[in-house]
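Structure assessment
The primary structure of each chain is shown beneath.
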Amino acid sequence: MKSLKKFIKSDTAFAWILLAPATLALILIRVLPLIEGVGISFTNRRLLNDRPTRVVLFENYIRVFTQDKEFWNAFLFTLIYTVFVVALSYAIGLMIALLMNMKIKFRGLFRVLLLIPWIIPAVVAAASWKWALNDQSGVVNQILKSLHIVSSSIPFMANPFWAKLVAIFFGAWKNYPYMALSLLAGLQTVPEDTKEAARIDGANTFQLFFRVTLPQIRPVTVVCTTLMFIWTFNNFDNIYLLTGGGPDGASQVISVLSYYSAFARMNMGYASAISTVMLVFMLIVAVFYIKMVMKEDKE
Amino acid sequence: MKNDFKIKKVVYGILPYAAMIFALGVILLPVVSMVMSSFKSPETFMSSTSFFPEKFSLDYYRNVLGKTHFLKYLINSVVIGVLVSLFSTFLSILGGYALSRFKKRVKGLKFYTIFLLALQMFPVVQLIIPLYLTFQKIGITNTRLSVFIAYSTFTLPLNIWMMQSYFDGIPYELEESGRIDGCSRLQCLYKLIVPVAGPGISSVSIFAFNYCWNEYLLGSLLLKTDGLRTLPIGLQNFMQEQTTDWGSLMSASSLAILPVLIFLIVMQKQIISGMMAGSVKG
């Protein structure tokens with residue numbers, strides 16, 4: 001009994017009691033369903049449980065990998081989309097961060113305005129983009145026509161090529177503020193004397209940027225691009241709300257495809273298989289990321 | 001020569017501002033266009049090609065506020081947002097404190113932080129199927145309770161992580177002096193630490209609230225009755241049902257971002273520091 005009392009007063013008990021409610025919630029709502037989801041992927045469960053579900057083992061997976069052209073198209077575009085969104089949002093973020101790093105006035109105001117794409121709901125963002133890009137009165141087409149870049153409106157959302165491009169730009173637009181803020185914080189850790197020393201040694205602006213600044217922000221760059229890669233790969237809202245995967249699956253990504261399989265085609269077993277493939281892919285990326293974070297911790 | 005130098009200086013001085021204004025113009029174009037269009041009058045709306053409203057009108061706003069369920073969606077979003085935020089913040093303070101103060105001394109806590117990190121990387125899409133089926137079994141689909149449970153849990157990993165980061169920055173001396181004065185560990189937490197943790201706590205609550213305000217996927221599956229819907233789902237549904245009423249959609253959308261913008265202006269520091277937690281070391 002004495003050792004029990006001692007245990008209750010110990011640090012271990014205290015810490016775990018504090019964590020208990022959150023842990024319970026996380027296990028019930030995040031961990032168990034995860035495992036259950038993988039389990040469903042081995043069955044032929046349908047949305048309306050109108051006929052008995054039976055275990056089909058790897059049938060769903062075999063179909064996903066060998067017979068589903070739609071899946072491979074979506075997977076390919078998901079990768080392309082993710083890579084381009086990360087690269088583009090990084091480029092934009094870096095340029096904005098460099099601008100903000102200069103001693104300009106009204107920084108507070110600029111910062112608030114620049115955060116808007118990140119902070120508004122995806123529904124509103126998508127609606128505003130669809131409106132701006134519409135081929136009858138949309139502002140983008142109006143500007144293109146008045147600058148004589150095109151003679152007639154471009155049907156952005158109805159054209160497969162343009163839809164893909166718009167999806168990528170939308171993703172980058174929505175996400176660049178995160179990159180910009182992280183990179184700005186990183187830029188501000190570049191010691192002024194290192195830059196001064198380089199300038200005295202005769203470095204011009206380009207050399208200063210590529211040889212001094214960029215290497216200094218490497219850690220932030222690696223962390224942010226990996227996080228952004230993960231978030232973009234997993235993202236459902238942006239594509240679903242902007243293009244719905246269309247036109248005709250041109251901008252389809254696997255998260256949206258899984259959703260359609262489950263709730264439109266009612267095939268939950270198959271949908272679970274698709275999302276489990278996503279999960280495994282992300283697991284590999286997560287292991288890489290966690291290893292990297294632990295390495296940074298040690299340094 | 002001297003004049004050349006002066007001109008160069010002026011141009012270089014203006015350049016950042018010009019670049020920033022240009023960038024903002026391009027970036028905010030869709031949002032500004034949306035707001036401008038929301039003030040156009042219904043008669044000329046579809047054919048209007050000018051950026052500014054030809055005839056300023058509040059008709060679409062009147063329609064949205066009077067004839068649609070917009071206010072209901074707004075209230076739902078606010079209620080769910082506040083409740084989830086309170087619950088999630090409370091649990092993250094407890095959890096974040098435990099992780100921050102005890103991860104070196106208690107076994108398993110280091111693994112717990114990795115567990116939280118890993119949770120943030122999994123696709124939500126993977127969870128919606130089993131969650132939906134489970135909620136269906138318990139019979140809470142199409143209730144606000146299901147959304148409350150889901151949203152609270154989904155905001156936990158990031159919030160606990162942020163609170164942990166924040167508490168890491170509070171020196172242990174505070175608790176040391178408290179313990180010398182005879183406070184129990186729990187008293188140290190709520191009497192000493194929480195009062196000084198204002199910025200961290202507000203970051204976390206804002207994040208949780210913003211998550212609820214913006215969330216679409218889970219809500220669209222779990223809230224089927226129109227009267228229960230939150231703003232994003234209500235708006236999207238409106239867009240799908242009233243495919244020709246872009247004017248009302250523009251006003252509804254502009255109204256939807258108003259609270260977010262006010263929030264942003266008032267709470268910028270907390271929002272930004274919350275966004276930064278965990279990405280930049282030192």
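Residues numbered from 1 in each chain as written. Chains lettered and ligands numbered in written order. Predicted model: local features only at pLDDT ≥ 70, side-chain atom pairs only at ≥ 80, totals over all residues. Heavy atoms only, no water.

**Overview of the UniProt feature "domain: ABC transmembrane type-1" (unreviewed entry) in chain B**
- Per the UniProt entry, the sites bearing "domain: ABC transmembrane type-1" (unreviewed entry) are residues 74-267 of chain B in this numbering.
- As annotated, residues 74-267 of chain B has a helix share of 80% and a strand share of 0%, and its two end C-alpha atoms lie 20 Å apart. (UniProt positions renumbered as here; feature names shortened; annotations may be inferred. Helix = DSSP H or I, 4+ residues; strand = E, 2+ residues; numbered from the N terminus.)

**With respect to the UniProt feature "domain: ABC transmembrane type-1" (unreviewed entry) in chain A**
- What UniProt calls "domain: ABC transmembrane type-1" (unreviewed entry) maps, in this numbering, to residues 75-289 of chain A.
- The annotated region residues 75-289 of chain A carries 76% helix and 0% strand content, and the separation between its end C-alpha atoms amounts to 21 Å.

**Quick notes on the interface of chain B and chain A**
- Listed as interface residues are 91 residues of chain B and, on the opposing side, 96 residues of chain A.
- Taken over both partners, the interface formed by chain B and chain A buries close to 8600 Å², and the fraction arising from carbon and sulfur atoms is 78%.
- The largest per-residue losses of area from chain B upon contact with chain A belong to Met20(B), Met121(B) and Gln126(B), which jointly make up 8% of the total buried on that side.
- For the pair chain B and chain A, the interface holds zero salt bridges.
- On inspection of chain B and its partner chain A, the count reaches eight residue pairs in polar contact (both at pLDDT 80 or more).
- For the side of chain B that touches chain A, the leading source of residues is helix H1 (residues 2-38) of chain B, giving 14 residues.
- Residue classes in the side of chain B that touches chain A are distributed as 68 nonpolar, 18 polar and five charged. (Contact = heavy atoms within 4.5 Å. Buried area = accessible area lost by both parts, 1.4 Å probe. Salt bridge = Lys/Arg side-chain N within 4 Å of Asp/Glu carboxyl O. Polar contact = N/O pair within 3.5 Å; in protein donor to acceptor, adjacent residues only side chain to side chain. Nonpolar A, V, L, I, M, F, W, Y, C, P; charged D, E, K, R; others polar.)

**So, the side chain of Asn76(B)**
- Mapped onto the elements, Asn76(B) comes out in helix H3 (residues 70-102).
- Apart from residues lying up to four places away in sequence, Asn76(B) is in contact with Arg144(B), Gly227(B), Leu228(B), Arg229(B) and Thr230(B).

**Description of the environment of Ile80(A)**
Residues and elements named next belong to chain A.
- As for its position among the elements, Ile 80 is in helix H4 (residues 69-101).
- Judged by its relative accessible area of 36%, Ile 80 falls in the partly exposed class.
- When the C-alpha atoms of Ile 80 and Arg 54 are compared, they prove to be 36 Å apart, with 26 residues separating the residues in sequence. (Buried < 20%, exposed > 50% of the residue type's maximum accessible area, 1.4 Å probe, protein only.)

**Focus: the UniProt feature "transmembrane region" (unreviewed entry) in chain B**
- Mapped onto this numbering, the UniProt entry gives "transmembrane region" (unreviewed entry) at residues 12-36, 73-99, 111-133, 145-167, 188-211 and 246-266 of chain B.
- Secondary structure across residues 111-133 of chain B divides into 83% helix and 0% strand, with the first and last C-alpha atoms of the span separated by 30 Å.

**Here we look at the domain arrangement of chain B**
- Structurally, chain B comprises domain 1 (1-33) and domain 2 (59-280).
- A separation of 38 Å is found between the C-alpha centroids of domain 1 of chain B and domain 2 of chain B. (Domains from an automatic or database assignment.)

**Quick notes on the domain arrangement of chain A**
Residues and elements named next belong to chain A.
- Taken as a whole, chain A is organised into domain 1 (1-40) and domain 2 (43-298).
- Facing the five residues of domain 1 at the interface are seven residues of domain 2.
- Summed over the three residues of domain 1 that lose the most area to domain 2, namely Leu 34, Val 38 and Ile 40, the buried surface amounts to 83% of that side.
- Taken together, the links from domain 1 to domain 2 amount to zero salt bridges.

**Comments concerning the packing of aromatic side chains**
Residues and elements named next belong to chain A.
- Evaluation of the coordinates by the stated rule reveals 43 aromatic pairs over all chains.
- With 5.8 Å between their ring centres and 25° between their planes, Phe 71 and Phe 75 make a pair best called stacked. One end of the pair is Phe 71 and the other is Phe 75, both in helix H4 and four residues apart, which spans about a single turn.
- Aromatic side chains Tyr 259 and Tyr 260 sit 6.2 Å apart centroid to centroid with 55° between the ring planes, which places their arrangement in the tilted category.
- The buried category is assigned to Tyr 259, whose relative accessible area is 11%.
- Here the basic side chain of Arg 63 rests over the ring of Tyr 270, its NZ or CZ set 4.0 Å away from the ring centre. (Phe/Tyr/Trp six-rings, centres within 6.5 Å; stacked < 30°, edge-to-face > 60°. Lys NZ or Arg CZ within 6 Å of the ring centre and 35° of its normal.)

**What to know about the confidence of the model for chain B**
Residue and element names in this part refer to chain B.
- Of all residues in chain B, 97% attain a pLDDT of 70 or more, and the chain-wide mean is 86.
- Helix H13 (residues 268-276) is the least confidently modelled element of chain B, averaging 75 in pLDDT, while H3 averages 93, the highest of any element.
- For this predicted complex, the interface confidence comes out at an ipTM of 0.87, alongside a pTM of 0.89. (pLDDT = per-residue confidence, 0-100.)

**Concerning the pattern of salt bridges**
- Applying the stated criterion across every chain yields a total of six salt bridges over all chains.
- Glu70(A) is the partner of Arg265(A) in a salt bridge, and the nearest nitrogen-oxygen pair spans 3.0 Å. Remark: Glu70(A) occurs in helix H4 and Arg265(A) occurs in the loop between helix H13 (254-263) and helix H14 (268-298); sequence separation between them is 195 residues.
- Residue classification places Arg265(A) among the partly exposed residues on the basis of a relative accessible area of 44%.
- Linking Arg229(B) and Asp226(B) is a salt bridge whose minimum nitrogen-to-oxygen distance equals 3.0 Å.
- Given the relative accessible area of 22%, Asp226(B) is considered partly exposed.

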